[in-house]
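Take a look at the letters that make up each chain.
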Amino acid sequence: MQPVLVLYYSRHGSTKRLADAIAQGVSSLDVPVIVRTVKSISDTRGDTETKDASSAGPEVTLQELEQCSALALGSPTRFGNMAAPVKHFLDSTSSQWLKGALIDKPACVFTSSSSMHGGQESTLLSMMVPLIHHGMVICGLPYSEPELHNTTMGGSPYGVTHVAHHSLNAPEQLSADEKALCIAQGKRLAMFAKKLADHA
């Protein structure tokens, strides 16, 4: 089967940590996975939003998106919405939409914010909308995952999240609950991709 694509944008490394943990969940079911980032874009002043070294990774191609068996899409929260580089990438996928390249493929979304109430769920919902337009099948997290009941940090039935209290000296790691939910999300996405591939 084609690999699951875990696609993210991260500036300080928090969203990348989520992506890596989701990929760990995917690969635990012996499903191939690739982790890619979207390209940074210049803002209206002509400045480029630079990433920390901890956020670096190979950039995605439209061919990788088109050929994936499933998609996990992640972005930091920007005023309750996805970051501009993620929106810019999605806006470049018209040819994939015209071909119906992503129809019936499972997808999930994930995000990181710097505060508990920083717009995580609205960011997740904002990322779902273009995926629904592509005909993808959204895969959330059921409340059978005990960490959704226990977490005092990130976690949502709409998709996995992380609360990142950034420190320049010591970047915050995922909490145990956040990481467990990431792995569960990756497994669930891989399970659906595998079932669809087996019945293709």
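Treat the numbers as computed from the prediction; the structure is a model and nothing was measured.

> Which parts of the structure should I look at to understand the side chain of Ser 10?
By secondary structure assignment, the location of Ser 10 is in the loop between β1 (4-8) and α1 (14-27). A relative accessible area of 1% places Ser 10 in the buried class. There is a polar contact of 3.4 Å between the side chain of Ser 10 and the backbone nitrogen of Thr 15. Reaching out from Ser 10, the side chain makes a polar contact with the backbone nitrogen of Lys 16 at a distance of 3.3 Å.

> Where do I start with the environment of Pro 76 in this structure?
If you trace the backbone, Pro 76 turns up in strand β3 (residues 70-78). As for Pro 76 and Leu 196, which are separated by 120 residues in sequence, their C-alpha atoms are 30 Å apart.

> Please explain helix α7 (residues 176-198) as it appears in this structure.
For an α-helix, 3.6 residues make a turn, and residues three or four places apart therefore share a direction. Taking 1.5 Å per residue as the helical rise, α7 with its 23 residues ought to reach 33 Å, and the 33 Å between its terminal C-alpha atoms agrees with that figure. Every buried residue of α7 is listed here: Glu 178, Leu 181, Cys 182, Ala 184, Gln 185, Gly 186, Leu 189, Ala 190 and Ala 193. Looking at the buried residues of α7, the elements they touch are β1, α1, β3, β5 (106-113), α6 (147-150) and β7 (160-163).

> I keep staring at the pairing of strand β2 (residues 33-37) and nothing clicks. Help me out?
For a regular strand, side-chain orientation follows a simple rule: the groups alternate between the two sheet faces. Of the strand pairs in this sheet, β1 and β2 are connected by 5 bridges, and their pairing is parallel. The residue bridging Val 6 from the neighbouring strand is Val 35, located in β2. With α1 bridging β1 and the parallel β2, this β-α-β connection has right-handed handedness.

> What's the story with the pattern of salt bridges in this structure? I'm lost.
Between side chains of opposite charge, a pair can form as their charged atoms come close. In total, this model carries 4 salt bridges according to the counting rule given. Note that Glu 66 is salt-bridged to Lys 99, the shortest N-O span being 3.0 Å. Of the two residues, Glu 66 sits in helix α2 (residues 62-67) while Lys 99 sits in helix α4 (residues 94-99), which places them 33 residues apart along the sequence. The class of Glu 66 is partly exposed, set by a relative accessible area of 25%. Lys 99 gets classed as exposed once you look at its relative accessible area, which sits at 55%. Lys 87 is paired through a salt bridge with Asp 91; the nearest N and O atoms lie 3.0 Å apart. You can see Lys 87 and its partner Asp 91 sitting in helix α3 (residues 84-91), 4 residues apart, about one turn around the helix.

The rules behind these values
Residues numbered from 1 in each chain as written. Predicted model: local features only at pLDDT ≥ 70, side-chain atom pairs only at ≥ 80, totals over all residues. Heavy atoms only, no water. Helix = DSSP H or I, 4+ residues; strand = E, 2+ residues; numbered from the N terminus. Buried < 20%, exposed > 50% of the residue type's maximum accessible area, 1.4 Å probe, protein only. Polar contact = N/O pair within 3.5 Å; in protein donor to acceptor, adjacent residues only side chain to side chain. Expected span 1.5 Å × (residues − 1). Contact = heavy atoms within 4.5 Å. Pairing = 2+ DSSP bridges. Right-handed = clockwise from strand over helix to strand, strands pointing away. Salt bridge = Lys/Arg side-chain N within 4 Å of Asp/Glu carboxyl O.

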